[in-house]
Structures are given as structure tokens and as C-alpha cells.
Amino acid sequence: MSTNPIPFLDLVTPHRELKEQLVEVFRTALNTAGFIGGPMVDEFEQDFARFCDTKYCVGVGSGTDALRFALIAAGVEPGDIVITVPNTFIATTEAISQAGARPDFVDIDDRTYNMDPHRLVEYLETKCSYNPDRREMVHFRSGRVVRAIIPVHLYGQAADMDPILYLANKYNIAVIEDACQAHGAEYYSRRDVCWKKAGSMGKAGAFSFYPGKNLGACGEAGAVTTNDEELARKIRMIRDHGQAKKYYHDLEGYNGRLDAIQAGILRVKLAHLAQWDEQRREAAGRYNALLANHGGVIVPHQPATAKPVYHLYVVQVNDRSALGKQLGQIGIGTGIHYPVPLHLQKAYGALGFHRGDFPVTERVAENILSLPMFPQLSIQQQKQVADELLRLIATSASQSVA
Ligand SMILES: Cc1ncc(COP(=O)(O)O)c(C=O)c1O
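Residues numbered from 1 in each chain as written. Predicted model: local features only at pLDDT ≥ 70, side-chain atom pairs only at ≥ 80, totals over all residues. Heavy atoms only, no water.

Visitor: Go over helix α6 (residues 117-127) with me, naming the residues and quoting the values.
Guide: Among all positions in α6, only P117, L120, Y123 and L124 are buried. The buried residues of α6 occupy an angular sector of 115° when projected down its axis, which confines them to one face. In α6, the exposed positions angled more than 90 degrees off the buried face are occupied by H118 and T126. Buried residues belonging to α6 abut β2 (81-84), β3 (102-105), β4 (128-131), β5 (136-139), β6 (146-149) and α7 (161-170). Regarding α6, its N-cap is D116, as a side-chain oxygen of that residue lies 2.9 Å from the backbone nitrogen of H118 further along. (Buried < 20%, exposed > 50% of the residue type's maximum accessible area, 1.4 Å probe, protein only. Helix = DSSP H or I, 4+ residues; strand = E, 2+ residues; numbered from the N terminus. Arc of directions from axis to C-beta. Contact = heavy atoms within 4.5 Å. Polar contact = N/O pair within 3.5 Å; in protein donor to acceptor, adjacent residues only side chain to side chain.)

Rendered as C-alpha cells:
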């Protein structure tokens, strides 16, 4: 190995730095036996709602729970269609199916990798018709109602929400933001002439606190953010077996609560999130400067309307699998998010999609490579990653010429 190893993600350093405060959370939980609910959960929910500029936050067991509960509470019913993108983690569509609905897709924008609003207009206005009496958008071929849209703020960059919200409002469709990778990301709304936080724009936002996220628990955790009091109330019931009061069940729900130890840990880490997000943005800026002017690497596009938080720093390169493998051999960790678009996954074979249905996603999925990205990534480490990546690209170019 010719270089010092550089991990894809360093989860050890931040926990070591915060060790005393994190251990104190365990002590509090042990001393009070407050494991489920209680002040640590309430306090985190209040702090995270404030961080996201929303009125409410409901802590749940995972990001997948957050999406599923938000969809159910927003009125998604068995048989409905929920539209999302094929370039996301499967949890987005699992939540749709588990709410009883059918996932359907629109393609992504080839520069931002997020939902392309033009494709959404095309879907709604050529494949569906609006029934004004029932205030429902109905998909022609299947007769199903399009009940919700899930734009995914992928890699930590907000989707173009203005046109998505405009269409959703026009056709009475709920928007649930998948903000599982976008804690603190901001979007400039041309319509409202202000910056908005991810998770504050749709009917609800879903967050994952999986350990590797920008805000990660020491285990599984998630949250729903919303400005809708009634929606927050329903989600509080759904996460707790449908009960508004102990043993009085208004509906059948789930065991999907955020536990107190995770909430306490998240609250400690939340105090550092804005700074960590800023460090990620600075690291992304440095990668851009090191990589952008070399042919062979497409760096992330940041529109003027986006202030991303770079959960992942994703470039496009030719022959990315070989490059990723070669980088791995010299101790540099990389990832692929995601290698197989959802419409081509075996799990969705029965939905009847084919290669060619979402060409932008399919093309991008062949070339994307996620480079090491975490707040403590040093300038030296970034130079090393960039040097090695460019050296390998140059070597493979000269070999293919020879
Ligand atoms: C885009 C996206 N949606 C949903 C999820 C699901 O979150 P969780 O793993 O906490 O259930 C994730 C987590 O990896 C994600 O990246």
C-alpha cells in the first residue's frame, strides 16, 4: 500500500471527541431507567424541529419508519401511486410499498441527480387526468390515484422543490421529502424568495439518523418533521401502536418509537451539526478545485438554489468500478450510491419496468463513484485522494491509447 489509508467515512473520531458527553447520556438513562420516551426524546424533538425550521418533530425508529409513517398519516391508501425517483436507496420505495401503495418513477436531472421537474410534469399531464370533483389525480392506465410524491434530497442536496410543490398543490398531491441524507441542507425558493431547510417544505420531511448520516445515532433512529399539527399527532400515534392514551388504540400502528438513549446521543451531536455540515461543504469545495479542471472527472453540480450538506461527494468517471477497486487496493475507500437503479432491481421485477425506461438514471448509475467525505477529512487526505484518482485515470487513458 503506497499511501496512508483514507477511509470512506470516519465514524470513530467524532465519537471519541464527544465521548464524555455521550457516556453521560447512558448514565442518565441507566440512573432513571428512562429508556422509552421521556425528557431526552422530547428535548431532542424540540431541538431538531428548531434546527429544521419546522413546528414539530416526531422521533421514530428509523428513516424508513419516518417515510412510511408520514405516507400513512398523509392519507396514502392501499392501491394508491406514490411517485419518486429510481436513483435512491430502496428504503424510499420500501416505505411506499409498506404503506400499501405502488411506487412509480420519474427520471432524474442529469446534473443534480435529483427528481427532474420536467419529467414530473410530463408524468402528471400526459399519463394522468385530474378529477376536480374528487380532487384526485388519476393514472389513466391503472386507474390508481396519485396520492403522494417523494422527492429525495439525494447526497445532501435539495431537489428543485418550487415546481414540485406547485404541481403537487395544483393536483392535490402530498409531498413527503426524503431528507434522509440532507440534515441541514437548504433550498432557495424563487417563489417565496427565501432559503428553506430540507424537511420544512413538503407536508412532512423524513430523516434517517443511521450512524453514517450527517447526524447519526449510535444505532437506528429517524424523525419526521412537519408544520402540520394534525399530521404530527397522527404520526405520534402510528409510531406507538396507534394509541393516543396508554392501551386505548384508535388505530393499528407500529412499534416505531425513537428510544431515549439515541435521542440523548442525537441531541449532543446536533449541537455540532451546523459546523460539521460547513466542514463538508468546505471539503467539497476543495475536491472541486482539485478535480474540476481535469478531463475525466465530472464533479457535483451545485445550482444557485442549493446549499447542500454533502452527505456524499459523488463524481462521474469512466470505468468507475475498476477505479474504485484500484483506489481500494491503495487504501482509499469509495462507494457507489447506487449501482442498480430501483426500477431494475430484482425486488421490483413484478412492477414491469425495463432497461431504457429511465435513461438518465441508468446512464448515471454506470459512472458514479462516491469519494471519501466526512467533516474531519484533512486537506492532505483530499489531495492524496485527488492525486491518486487523477493518476489512475491518466494511466487507464494511456493504456487504452496504446
Ligand atoms: C435516501 C434514503 N432514504 C431512506 C433511508 C432509510 O433510512 P434508515 O436506514 O434510517 O431506515 C436512507 C438511509 O440510508 C436513505 O439514504
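Visitor: Let's hear about the pattern of salt bridges: which residues, and what values?
Guide: Throughout the structure, instances matching the rule amount to 24 salt bridges. A salt bridge links D47 to R50, with the nearest nitrogen and oxygen atoms 3.4 Å apart. Residue D47 and its partner R50 are located together in helix α3 (residues 39-51), separated by three residues, close to a single helical turn. Here E230 makes a salt bridge to R233, at a shortest N to O gap of 2.8 Å. Of the two residues, E230 and R233 both sit in helix α8 (residues 229-238), three residues apart, roughly one turn of that helix. What makes E230 partly exposed here is its relative accessible area of 38%. According to the relative accessible area criterion, R233 is partly exposed, its value standing at 40%. Taken together, the salt bridges that share partners define one network made up of E43, D47, R50 and R267. (Salt bridge = Lys/Arg side-chain N within 4 Å of Asp/Glu carboxyl O.)

Visitor: Report on the side chain of K213, specifying residues and quantitative values.
Guide: Within the secondary structure, K213 sits in the loop between β10 (204-208) and β11 (222-226). Buried charge without a salt bridge: K213, with D178 as the nearest opposite-charge side chain at an N-O distance of 7.6 Å. Beyond its immediate stretch of four places on either side in the chain, K213 contacts C180, Q181, H183, S208 and H311. (Lys, Arg positive; Asp, Glu negative; His and termini not counted.)

Visitor: Give me the lowdown on the site of the ligand, citing residues and values where you can.
Guide: Residues in contact with the ligand amount to 15 residues; listed here are only the nearest, G63, T64, D178, S208 and K213. Between G63 and the ligand, the recorded distance is 2.8 Å, taken from a backbone N or O atom to an oxygen atom. Measuring from an oxygen atom of the ligand, one finds a side-chain N or O atom of Q181 at 2.9 Å. Here the ligand loses 92% of its free accessible area of 390 Å² to cover by the protein chains. A majority-of-atoms criterion places the ligand in the largest pocket. When residues of the shell around the ligand are traced back to their parent elements, those giving at least two are α4 (63-73) and α5 (91-98). If you tally residues by element for the shell around the ligand, the top one is α4, at three residues. A breakdown of the residues in the shell around the ligand according to their chemical character gives six nonpolar, seven polar and two charged. (Near = heavy atom within 4 Å. Areas by Shrake-Rupley, 256 points an atom, 1.4 Å probe, with all protein chains shown as cover. 1 Å grid on protein atoms, 1.4 Å probe; cavity = no way out; pocket = protein on both sides within 12 Å on 5 of 7 lines; lining within 4 Å. Sits in = over half its atoms within 2 Å of the grid points. Nonpolar A, V, L, I, M, F, W, Y, C, P; charged D, E, K, R; others polar.)

Visitor: Give me the packing of aromatic side chains: which residues, what numbers.
Guide: Scanning the entire structure with this criterion turns up 15 aromatic pairs. Here the aromatic cluster, defined as three or more aromatic residues joined through ring pairs, consists of F44, F48, F51, F207 and F209. A cation over a ring is seen here: R68 above Y254, with NZ or CZ 4.8 Å from the ring centre. (Phe/Tyr/Trp six-rings, centres within 6.5 Å; stacked < 30°, edge-to-face > 60°. Lys NZ or Arg CZ within 6 Å of the ring centre and 35° of its normal.)

Visitor: Quick one: what's the story with the sheet that holds β6, residue by residue and with numbers?
Guide: In spatial order, the strands read β1-β11-β10-β7-β6-β2-β3; together these seven strands make up an open sheet with mixed pairing. This sheet does not close on itself; its edge strands, each paired only once, are β1 (56-60) and β3. Going across the sheet, the axis of each strand differs from the next one's by a mean of 25°, ignoring polarity. When β10 meets β11, the two strands line up antiparallel, connected through four bridges. The partner of G205 across the bridge, within β11, is T225. Against the sheet, α7 makes contact with β6 and β7 (174-178), and its axis sits at roughly 150° relative to β7, the strand it touches most. Of the strands in this sheet, β1, β10 and β11 touch α8, which is tilted by about 15° from β1. (Pairing = 2+ DSSP bridges. Axes fitted to C-alpha atoms, helices over the stretch in contact; angles between N-to-C directions.)

Visitor: Describe the packing of α6 against α7, with residues and values.
Guide: Axis separation between α6 and α7 bottoms out at 9 Å; the angle between their running directions is 15°. Comparing their axes, α7 and α6 come out roughly parallel. α6 and α7 meet at a crossing whose hand is left-handed. For the pair α6 and α7, the contacting residues are P117, L120, V121, L124 and E125 in the first and P163, I164, L167 and K170 in the second. Residue classes in the contact of α6 with α7 are distributed as seven nonpolar, no polar and two charged. (Parallel < 35°, antiparallel > 145°, perpendicular 65-115°, else oblique. Left-handed = near helix turned anticlockwise from the far one by under 90°.)

Visitor: Can you break down the environment of S321 residue by residue, with the values?
Guide: In this fold, S321 is placed in helix α10 (residues 320-329). C-alpha of S321 to C-alpha of P339: the two residues are 18 residues apart in sequence and 9.6 Å apart in space.

Visitor: Residues and numbers for the layout of surface pockets, please.
Guide: In this model, the largest pocket occupies a volume close to 500 Å³. A total of three residues in the lining of the largest pocket trace back to one element, the largest contributor, which is α4. One number sums up the size of the second largest pocket: a volume of about 290 Å³. If you trace the second largest pocket, you find 14 residues lining it, with G37, R236, R239, D240 and R257 closest to the centre. Sorting the residues of the lining of the second largest pocket by element identifies α3, α8 and β12 (243-245) as the ones contributing at least two each. (Points joined across faces, edges and corners; volume = space filled by probe spheres on them.)

Function cannot be read off these values alone, since they describe shape.
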